[in-house]
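Spelled out, the chains give:
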Amino acid sequence: MNNKKFPEDFLWGGATAANQIEGATREAGKGWTTSDTSKFIEEPEKRMQQMLAPMTIQRVQEALEDAEGLYPKRNGIDFYHRYKEDIALLAEMGFKTFRFSISWARIFPSGDDEAPNKAGLQFYENVIDELRKYHIEPLITMSHYDFPLALSFKQNGWASRKTIDAFEKYAEVLFTRFKGKVKYWITFNEMNVIGMTGYLSGGILADKLAENQSNTQVNFQAAHHQMVAAAKATALLHKIDPEAKMGCMIVRFENYPETTNPTTILTALKSDQENFLFSDVLMKGRYPSFSKRLFDERGISLSITPEDEQLLADNTADFFSFSYYMSGIVAENEGDETAGNILASKANPYLKKSEWGWQIDPVGLRISLNKIYDRYQKPIFIVENGLGAKDTLTVDNKVNDDYRIDYLRAHIEQIAEALADGVDIIGYTPWGCIDLVSASGNEMSKRYGFIYVDLDDNGDGSLERYKKASFDWYQKVISSNGEVL
Ligand code: BG6
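Residues numbered from 1 in each chain as written. Predicted model: local features only at pLDDT ≥ 70, side-chain atom pairs only at ≥ 80, totals over all residues. Heavy atoms only, no water.

Participant: I'd like a rundown of the environment of Asp 435, residues and numbers included.
Facilitator: Inspection of the secondary structure assignment puts Asp 435 in the loop between β12 (425-428) and β13 (451-453). Expressed as a C-alpha distance, the spacing of Asp 435 and Gly 247, which sit 188 residues apart in the sequence, is 25 Å. Ignoring any residue separated from it by four or fewer positions in sequence, one finds Asp 435 in contact with Ile 77, Met 444, Arg 447, Tyr 448, Gly 449, Ile 451, Tyr 452, Val 453 and Lys 468. (Helix = DSSP H or I, 4+ residues; strand = E, 2+ residues; numbered from the N terminus. Contact = heavy atoms within 4.5 Å.)

Participant: Lay out the packing of aromatic side chains in plain terms, naming residues and giving numbers.
Facilitator: Summed over all chains, the structure comprises 35 aromatic pairs. Feature note: the residues Phe 6, Phe 10, Trp 12, Phe 95, Tyr 428, Phe 450, Trp 473 and Tyr 474 constitute an aromatic cluster, connected by ring pairs. Taking NZ or CZ as reference, Arg 106 lies 5.7 Å from the ring centre of Phe 123, over its face. Over the ring of Trp 356 we find Lys 390, and its NZ or CZ is 5.4 Å from the ring centre. (Phe/Tyr/Trp six-rings, centres within 6.5 Å; stacked < 30°, edge-to-face > 60°. Lys NZ or Arg CZ within 6 Å of the ring centre and 35° of its normal.)

Participant: Let's hear about the packing of helix α11 (residues 262-284) against helix α14 (residues 362-376): which residues, and what values?
Facilitator: Between α11 and α14, the shortest axis-to-axis distance is 11 Å and the interhelical angle comes to 40°. By the angle class used here, α11 and α14 are oblique. For α11 against α14, the interelement crossing comes out right-handed. Residue-level contacts link Asp 272, Phe 276, Ser 279, Asp 280, Met 283 and Lys 284 of α11 to Lys 371, Ile 372, Arg 375 and Tyr 376 of α14. Split into classes, the residues belonging to the contact of α11 with α14 amount to 4 nonpolar, 1 polar and 5 charged. (Axes fitted to C-alpha atoms, helices over the stretch in contact; angles between N-to-C directions. Parallel < 35°, antiparallel > 145°, perpendicular 65-115°, else oblique. Left-handed = near helix turned anticlockwise from the far one by under 90°. Nonpolar A, V, L, I, M, F, W, Y, C, P; charged D, E, K, R; others polar.)

Participant: Talk me through the site of the ligand; I want residue IDs and the actual numbers.
Facilitator: Lining the immediate environment of the ligand, one finds 15 residues, of which Glu 190, Ala 439, Ser 440, Lys 446 and Tyr 448 sit closest. One nitrogen or oxygen atom from the side chain of Ser 438 is found 3.3 Å from an oxygen atom belonging to the ligand. Protein chains bury 99% of the 380 Å² of accessible surface belonging to the ligand in isolation. Counting atoms within 2 Å of the grid points, the majority share of the ligand lands in the largest cavity. Looking at the shell around the ligand residue by residue, the class counts come to 6 nonpolar, 6 polar and 3 charged. (Near = heavy atom within 4 Å. Polar contact = N/O pair within 3.5 Å; in protein donor to acceptor, adjacent residues only side chain to side chain. Areas by Shrake-Rupley, 256 points an atom, 1.4 Å probe, with all protein chains shown as cover. 1 Å grid on protein atoms, 1.4 Å probe; cavity = no way out; pocket = protein on both sides within 12 Å on 5 of 7 lines; lining within 4 Å. Sits in = over half its atoms within 2 Å of the grid points.)

Participant: Break down the environment of Arg 366 for me, with residues and values.
Facilitator: Of note, Arg 366 is situated in helix α14. Exposure remark for Arg 366: the relative accessible area of 28% places this residue in the partly exposed category. Ignoring anything within four residues of it in the chain, the contact list for Arg 366 reads Gln 414, Glu 417, Ala 418 and Asp 421. In terms of polar contacts, Arg 366 uses its side chain to reach the side chain of Asp 421, at 2.8 Å. (Buried < 20%, exposed > 50% of the residue type's maximum accessible area, 1.4 Å probe, protein only.)

Participant: Could you give me a rundown of empty space enclosed by the protein, with the residues and numbers involved?
Facilitator: Unoccupied space between atoms shows up once a probe the size of one water molecule is rolled over them. Per the counting criterion, the structure on display carries 4 cavities of 30 Å³ or more. Every residue lining the largest cavity is counted, 17 residues in all, and those nearest its centre are Tyr 325, Asn 341, Trp 358, Glu 384 and Ala 439. As a volume, the second largest cavity reaches approximately 60 Å³. As for the second largest cavity, its lining consists of 13 residues, and the residues nearest its centre are Ala 18, Asn 19, Thr 25, Lys 30 and Lys 73. Residues belonging to the lining of the second largest cavity are distributed by class as follows: 1 nonpolar, 6 polar and 6 charged. (Points joined across faces, edges and corners; volume = space filled by probe spheres on them.)

Participant: If you had to explain the side chain of Ser 160 to someone new, which residues and values would you point to?
Facilitator: Here Ser 160 shows up in the loop between α7 (149-155) and α8 (162-177). Here Ser 160 falls in the buried class, since its relative accessible area comes to 12%. Ser 160 has contacts with Gln 155 and His 225, leaving out every residue within four places of it along the chain.

Participant: So what's going on with the side chain of Asn 385? Residues and values would help.
Facilitator: Following the sequence through the fold, Asn 385 ends up in the loop between β11 (380-384) and α15 (402-420). Note on Asn 385: relative accessible area 0%, which makes it buried. One polar contact links Asn 385 to Tyr 407, side chain to side chain, over a distance of 3.1 Å. At 2.6 Å, the side chain of Asn 385 forms a polar contact with the side chain of Tyr 428.

So, in structure tokens, the structure goes:
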């Protein structure tokens, strides 16, 4: 039993993204996206690198023409055709909210077409209506690692200011169509990631850069364009649907200083400033004071107009959201490294790690929640958290995933502690509530879900859904509002 109380209207649920669940990538007029070029590669150690590496025109074209290779995100788990069955299972668990993303290229196949694709809008309306049938609140991400490739070829994605206009039109179409049906929106998934990799969410092709342009410079300028687009979308949402709320979303790296050496502590402080760089802009409406030095030291010079500054100042986000899987270390010396979400880290001797090397740190979630709330004083939505693990389906179609229950229980206990600390947390959506294709690995072996999907890394399987032990456990967590853990 947990004697710390969750608010009565706490939004328990789960999270997904279009490119990792939908499949049907060439159906109903959808255009190609950056996620369609993610190939499954055999060597595990090369997978994260593939996701982060700069992309070229030639490699994109080769991927789109490659008839032999395995591109799991093109097929997902077939949510496009099975959403009714899947939503019924989420409803059975008692979900109050479901986070999914809309694929921009399903609505505008070329990113900036004259008129939206009716079939795309209808699909998402069906999903939203199905959720509402069970009183599940949709939480929608507008861009989650699947940028329309046509806009990459045309104007190099978010490297171009013109992409702001295309996104604004996309936003207007969504908010007008789904007005009154969707209360929570997020513009960009993990928007601090574009600083590290331009292709994944920014659609930037390295060989389209001018000779004197560095990847870093262009990625940060692209991030600025995304922030202006987010501010414009926020303004539109508040005008079209005043009841709805807009969130900003980052991946949280909770990095501890390895020693008490003040220079290491300073490095940890700087790493945290970098974490917050983009969310400071979206939550506070201006670039933070430390940004000038950070940009100077990296040779970054941003083009920011007075109109941009005004837009950012006038249209801050209503809530903060983030993904949290593990913590890392800011080390003085090199040492044993372990893997992590996007960034690797030196191993922390106090922490266990997942099969993928991500360091499990529930207390780090409480620390993050306190830091974030101190900084912004706005509601916080934890929109990703979870354990990627290999599951075994028994002969009687069960999965005993006690390790996942242990991970989630420990994190929920720390959320309860943070609530008791006074942090305003409005909801919790564990990642991959139904098994999905891994973002970094393009594999099915790394499973996060309460629901097992019969599909393997080679794309073979019946696609049948089975309830894991964690399904029943999470159902009790929700029905007891976090008291029975
Ligand atoms: C987050 C992403 O960073 O991590 C998700 O927003 C992703 O898309 C999740 O799936 C877990 O990462 P992975 O590589 O285990 O799928």
